[in-house]
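# Structure at a glance
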Amino acid sequence: MFIEFGIKDFIDILLVALMLYYTYKLMKASGSINVFTGILVFILIWLVVSQVLEMKLLGSIFDKLVSVGVLALIILFQEEIRRFLLTLGSHQHASALVRFFTGNKKELLEHEDIMPIVMACISMGKQKVGALIVMEHNMPLDDVVRTGEVINADINQRLIENIFFKNSPLHDGAMVISKKRIKAAGCILPVSHNLDIPKELGLRHRAAMGIAQASDAHAIIVSEETGAISVAYKGQFYLCLNAEELESLLTKEN
């Protein structure tokens, strides 16, 4: 029997492939890749049982599990689904479209805004003062800001260093920089449970990776043990950066 295959079918297959690919990337970034693989195996078995082998009893059981499983997956992966929708809504092109209709302009961090951050990190690295700085981009971090103390101050090298001074009450948390302002300090970040993170990296690095997986922010880490400067960005670590490399990485979003 001849099966017609047109451009619509090609687009259909392409969209399904893209959906599976981005779902795979999302699950991999969140450390749920084994669950994603298990779901694919279950779907494959269900198709074989119900469509190929045509086992009516077992097929009907699988049909019921699938209908209930959709709701279970929504509950199980509610954070990942929320993150996906936030990422979709805060995507560069989507944000540009919203700004076009609303008339709002995106405030970009310029050289004079980034250099105090870079110089503060270099200075704290030399003194081995631990620090964790999160730079907000398209995706808002209001939930993170609410966990800390609101500062709402100009970006200043000395202020950053004073906040992360060892005797400061806010030095253990994260600083959030948003819209050319130091928005808050002492903030609590989601910790990544990704098993691929090297064991020699501490809790600051795991917290930085957690926010880098949940948003499009840059998370800068200054190690208290070694003084090394690292950045977590889009689920990836950039380790042992110098001043030029740090500045270059922080201007990527711009």
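Residues numbered from 1 in each chain as written. Predicted model: local features only at pLDDT ≥ 70, side-chain atom pairs only at ≥ 80, totals over all residues. Heavy atoms only, no water.

Taking an unreviewed UniProt entry as the reference, the protein chain is identified by name as Diadenylate cyclase belonging to Prevotella heparinolytica. Per UniProt, the comment on the protein chain under Catalytic activity (unreviewed entry) is "2 ATP = 3',3'-c-di-AMP + 2 diphosphate". Its UniProt record gives the protein chain the following Subunit (unreviewed entry) comment, quoted word for word: "Probably a homodimer." (UniProt positions renumbered as here; feature names shortened; annotations may be inferred.)

Here we come to unusual backbone geometry. With a phi close to 55°, Lys128 is a non-glycine residue in the positive phi region. For Lys128, the location among the structural elements is in the loop between helix H6 (111-127) and strand E1 (131-135). Residue Lys128 is classed as partly exposed on the basis of its relative accessible area of 40%. If you check the backbone angles, Lys180 has positive phi at about 65° while not being a glycine. With respect to the helices, strands and loops of the structure, Lys180 is situated in the loop between strand E3 (174-178) and strand E4 (181-187). (Helix = DSSP H or I, 4+ residues; strand = E, 2+ residues; numbered from the N terminus. Buried < 20%, exposed > 50% of the residue type's maximum accessible area, 1.4 Å probe, protein only.)

The next thing to look at is the pattern of salt bridges. Counted under the stated rule, the structure contains 4 salt bridges. Linking Arg181 and Asp154 is a salt bridge whose minimum nitrogen-to-oxygen distance equals 2.2 Å. Here Asp154 lies in strand E2 (residues 149-154) and Arg181 lies in strand E4, a separation of 27 residues in the sequence. With a shortest N-O distance of 3.5 Å, Arg158 and Glu161 are connected by a salt bridge. Of this pair, Arg158 and Glu161 both sit in helix H8 (residues 157-163), 3 residues apart, which is roughly one turn of that helix. The exposure class assigned to Glu161 is buried, which follows from its relative accessible area of 13%. (Salt bridge = Lys/Arg side-chain N within 4 Å of Asp/Glu carboxyl O.)

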